[in-house]
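The residues making up each chain are set out below.
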Amino acid sequence: MFIAVLLLSSCSELSEYDAQQVQSYLNDSLTTTTESWDVEMMLMNNGRSRVLIEGSYAISYQMPERKETHIDGPVYVQLFDSTGAIETEAWSKRAIYYDSRSEFELFDSVRVHTQSDNRLYSDFLKWSDATDQITSDHFVIIITPKDSLSGRGFSGPTNLATFTIEEPRGRLLVE
């Protein structure tokens, strides 16, 4: 009888600390990281090239709730139009690609140049494949063949043909 009582008491639930330790070990076993040097990623959409991104170093995190790739630069990005031609090029010091959202975030000294000679400069830029839009809540400068604008709250298509700046800044000369 004493042995039965001893066995039943040893089968009790884990303490909170032990349960946290077990969960920590399980989470570590579900995390996969991959490191790469001299990275070149080609993202496809419906069988056609959509984005090419190159960087010096990348680390990919694969977890059930988080799938992303951090790329250190210099980072170079090409966005292709529906015909496969280069529509837009971008450069930055680092980037993050969020697999589940199909979004890129570019950081630090971001430069964008389109085939129509529109240029954008900022410290942060987000590109979404779902909307084919680029956005930034940071300060941006846009230079077109005819004009230049700056401000915060930028959004527009990747070719920069049209765009919105919610808080424009600058000077206007009136003759």
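Along every chain, residues carry numbers that run from 1 in the direction the sequence is written. Local features in a predicted model are, by the rule used here, given only for residues with pLDDT of at least 70; side-chain atom pairs are given and counted only at 80 or more, and totals for whole chains, interfaces and linings are based on all residues. Water and hydrogen atoms play no part in the side-chain values, which are based on all heavy atoms of the structure.

It is worth spelling out the confidence of the model for the protein at this point. Per-residue confidence from the predictor is given as pLDDT, running between 0 and 100. Summarising the model, the protein shows a mean pLDDT of 82, and 81% of its residues fall at 70 or more. Only heavy atoms matter for contacts: two residues are in contact if any of them lie within 4.5 Å across the pair. Low pLDDT (under 50) marks residues 1–11, which in the prediction has zero contacts with non-local residues, meaning those over four places away or in another chain.

Another aspect to go through is the environment of Gln-62. A run of H or I in DSSP counts as a helix once it spans at least four residues, and a run of E counts as a strand once it spans at least two, with each numbered from the N terminus. Within the element layout of this structure, Gln-62 appears in strand β2 (residues 48–63). Summary of the burial criterion: residues with accessible area below 20% of their type's maximum are buried, those above 50% are exposed, and those between are partly exposed, where the area comes from a 1.4 Å probe applied to protein chains only. For Gln-62, a relative accessible area of 31% puts it in the partly exposed group. Each C-alpha atom, one on Gln-62 and one on Thr-34, is 8.5 Å from the other, the two residues being 28 residues apart in sequence.

One side-chain nitrogen of Lys or Arg within 4 Å of one carboxyl oxygen of Asp or Glu is enough to make a salt bridge. Evaluated as defined, the whole model comprises five salt bridges. A salt bridge links Asp-132 to Arg-50, with the nearest nitrogen and oxygen atoms 2.3 Å apart. One end of the pair, Asp-132, is in the loop between β6 (119–128) and β7 (133–136); the other, Arg-50, is in strand β2, with 82 residues separating them in the sequence. For Arg-101, the salt bridge is made with Glu-103, and the minimal N-O distance between the two is 3.1 Å. By relative accessible area, which is 41% here, Arg-101 ends up partly exposed. Accessibility expressed as a relative area gives 14% for Glu-103, which makes it buried. Three or more residues joined by partner-sharing salt bridges are found here, namely Arg-50, Asp-129 and Asp-132.

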